[in-house]
Amino acid sequence: MKRSNTSVIKQEKFQIQMNSNRIFLLGCILFGIVLMGCGGKLGKVEIVDVQNAITQAEKAINDALDVKADSLAFEQFERAETELEKSKEALKNKEGIPALRFANLAYSHARMAKYEAIQNSKNAVAYGNLLAKDAVIVELKGDLENQNNKIKDLEKGLQSLENTERNLNNSITTLNNEKQEIVRKNRLNVDRLSEVNDELKTLQNRITQSETEVRNYGNEVKDLTRKLEAADAIAQSASRQKRTAYAEVESLKKQIREQAKNYTTKLAEAQKRNIAVEHSEYLKKQAEEAREYVRQLDSQKPVRTGRTTLSTQQINGGKAALKRWENEWSRKNIKAHLAFYSPNVVINKVHTVESKENPSKLNRNQFESELNDMSKHPWQKTQEKDLFEVEQNSVIGTYRYSRLVTPALTEDDTALYQIWIREIWAHQIQNEWKIYRETWQIFENIPKF
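This one's a predicted model, so the numbers in the text were calculated from it and none came from an experiment. (Residues numbered from 1 in each chain as written. Predicted model: local features only at pLDDT ≥ 70, side-chain atom pairs only at ≥ 80, totals over all residues. Heavy atoms only, no water.)

1. Observations concerning the overall build of the protein chain
Moving on, step 1. From N to C terminus, the protein chain includes ten helices and seven strands.
Moving on, step 2. Relative to its full complement of 449 residues, the protein chain shows a buried share of 27%.
Moving on, step 3. In the protein chain, once contacts between residues fewer than 6 apart in sequence are set aside, the share between residues at least 24 apart is 67%.
Moving on, step 4. Accessible surface, the protein chain as shown: approximately 30,600 Å² in total, 52% of it carbon and sulfur. (Helix = DSSP H or I, 4+ residues; strand = E, 2+ residues; numbered from the N terminus. Buried < 20%, exposed > 50% of the residue type's maximum accessible area, 1.4 Å probe, protein only. Contact = heavy atoms within 4.5 Å. Areas by Shrake-Rupley, 256 points an atom, 1.4 Å probe, with all protein chains shown as cover.)

Below, the structure written as structure tokens:
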């Protein structure tokens, strides 16, 4: 809008100048007419006056040339030259008044050409300045758009960081909940162990009491046996006493049978108590083994803090390395697959058969041997999307595989699978991501989950 107003103002000034030139030209024409009207009084026009007018016209034409009127005001300049030629031709023919008139017209057109050229030159400079300003405006708009794009990119990066922070907070909450659940289970196990110890003490007291009762019954049986032997001796020495002794013998035999029956019952109860004690001892042993296994798992399980020192670029680099590692496994390129491991890698293996877990550690040779055996089976990946975590300076990937072991022959049968879960811990060593810890969890003959 400002540029348009400036052009209008300049156009008005140019129009005023053109009107002034037209008035001057009209004056010259009127002056020539006056001279023509006064010809009778003055006689013929002086040659000097015509020559002076021609000289002024030539000077005006040269002044117009200095401002490039021949190109910037071509029409007025050409008319000035034409009128000058007419004036000179009239002078040759000794036509004073036409020569003077043509010289004045040449002078007027030269002056108009000069002013028009100057005005056009100024307009050209102004137009060039406007074009330069438009170019600067376009450049500034481009810079502004680039800054806006950078701001948008920063906002997207900030949103990504906020999402990452939210995911980390969720992971921390989940881990805290799991920790609380483990503490609760440990508390329940401790309480249960205390109850088992109390039951074991009660059973031991009962066993001691049963052993005492058995010893007492054994002594009673011995006493009755001696009495029976004495009664037999009395029966043999006297017939009169024989019937009495016989009756006593029968009575003693009955008592012996009853005592033997009681003894057998007590012995069976004692044996049952012994079995209970053995079972309690077995439970105690299993509980101790379970606690030892938990202690081993706790010592082997890496500590999770939910915090990391890695940048977003480093995390993406670690994920890309684990994806290449997994692709080499899928292509069964074991040599390239093993190249991702550090020389001192730690391999933990937990083999679960019929709900019994068998933890072990594999050295490098055992690991490579078992990995080669595993690669011979047709494993299927059971998760669509890879699972990644970050912990301190490590990127963690979890991969789940399965293979069919026993197919379902009928609709009522259940297909059984071998499940293999691999947890990979990798960190950056001299700009390369290396796996320094891996945990295998292998489940035998279970339904696919």
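Read on for the rest.
2. Remarks on unusual backbone geometry
A negative phi holds for most residues other than glycine; trans holds for most peptide bonds.
Moving on, step 1. Although it is not a glycine, lysine 68 sits at a positive phi angle of roughly 60 degrees.
Moving on, step 2. For lysine 68, the location among the structural elements is in the loop between α3 (47-66) and α4 (69-72).
Moving on, step 3. The backbone of asparagine 431 shows a phi angle near 65 degrees, a positive value even though the residue is not glycine.
Moving on, step 4. Looking at where asparagine 431 falls in the secondary structure, it is placed in the loop between β6 (416-429) and β7 (432-446).
Moving on, step 5. Classification of asparagine 431 as exposed rests on a relative accessible area of 72%.

3. Considerations on the pairing of strand β4 (residues 387-391)
Moving on, step 1. Two elements, β4 and strand β5 (residues 394-406), share five bridges in a ladder whose sense is antiparallel. Its bridge partner lying in β5, glutamate 391 is registered against serine 394.
Moving on, step 2. The antiparallel hairpin formed by β4 and β5 contains two residues in its connecting segment, where glutamine 392 sits at a positive phi of about 55 degrees. (Pairing = 2+ DSSP bridges.)

4. Looking at the packing of aromatic side chains
Moving on, step 1. Tallied over the entire structure, the rule returns seven aromatic pairs.
Moving on, step 2. Judged by centre distance (5.1 Å) and plane angle (55 degrees), the ring pair of tryptophan 379 and tryptophan 420 falls under tilted. Remark: tryptophan 420 occurs in strand β6 and tryptophan 379 occurs in the loop between α10 (364-375) and β3 (380-381); sequence separation between them is 41 residues. For the pair tryptophan 379 and tryptophan 420, a shared accessibility class is recorded, and that class is buried.
Moving on, step 3. With centroids separated by 5.9 Å and ring planes inclined at 45 degrees, the aromatic side chains of tyrosine 401 and tryptophan 420 adopt a geometry described as tilted. (Phe/Tyr/Trp six-rings, centres within 6.5 Å; stacked < 30°, edge-to-face > 60°.)

5. Focus: the pairing of β7
Side-chain positions along a regular strand alternate between the two faces of the sheet.
Moving on, step 1. In this sheet, β7 lies alongside strand β1 (residues 341-353) in parallel orientation, the contact comprising eight bridges. Opposite tyrosine 341, over in β7, you have isoleucine 435 as the bridge partner.
Moving on, step 2. As judged from the twelve bridges shared by β6 and β7, these two strands associate in the antiparallel manner. Within β7, the residue paired with glutamine 428 across the bridge is tryptophan 433.
Moving on, step 3. The loop that links β6 with its antiparallel partner β7 comprises two residues; one of these, glutamine 430, has a positive phi angle of about 50 degrees.

6. Some thoughts on the pattern of salt bridges
Moving on, step 1. If you walk through the whole model with that rule in mind, you get 13 salt bridges.
Moving on, step 2. A salt bridge links arginine 364 to glutamate 368, with the shortest nitrogen-to-oxygen separation between them at 2.9 Å. Taken together, the residues span about one helical turn, with arginine 364 and glutamate 368 both in helix α10 at a distance of four residues.
Moving on, step 3. Judged by its relative accessible area of 26%, arginine 364 falls in the partly exposed class.
Moving on, step 4. Aspartate 386 is the salt-bridge partner of lysine 381, the closest N and O atoms lying 2.5 Å from each other.
Moving on, step 5. Each member of the salt-bridge network shares a partner with another, and the members are Glu326, Lys381 and Asp386. (Salt bridge = Lys/Arg side-chain N within 4 Å of Asp/Glu carboxyl O.)

7. So, the packing of α3 against helix α5 (residues 74-92)
When two helices pack together, their arrangement is given by the angle between the helix axes and by the axis-to-axis distance.
Moving on, step 1. The geometry of α3 relative to α5 is characterised by a closest axis approach of 10 Å and an angle of 160 degrees between their N-to-C directions. What the angle tells us is that α3 and α5 run roughly antiparallel. In this structure, the crossing between α3 and α5 has a hand that is left-handed. Side by side, α3 and α5 meet where Ile47, Val50, Gln51, Ile54, Ala57, Glu58, Ile61, Ala64 and Leu65 of the first sit next to Phe77, Ala80, Glu81, Leu84, Ser87, Lys88 and Leu91 of the second. (Axes fitted to C-alpha atoms, helices over the stretch in contact; angles between N-to-C directions. Parallel < 35°, antiparallel > 145°, perpendicular 65-115°, else oblique. Left-handed = near helix turned anticlockwise from the far one by under 90°.)

8. Considerations on a negative patch on the surface
Moving on, step 1. Among the surface-exposed residues, Asp70, Glu75, Glu78, Glu81, Glu85, Glu89 and Glu95 lie close enough to one another that they form a single negatively charged patch.
Moving on, step 2. Considering every element that reaches the negative patch, the biggest residue donor is α5, with five residues.
Moving on, step 3. In this structure, glutamate 81 sits in helix α5.
Moving on, step 4. For glutamate 81, a relative accessible area of 36% puts it in the partly exposed group. (Patch = residues over 30% accessible without salt bridge, like charges linked within 9 Å, V, L, I, M, F, W, Y side chains within 5 Å. Lys, Arg positive; Asp, Glu negative; His and termini not counted. Charge placed at Lys NZ, Arg CZ, Asp CG, Glu CD.)

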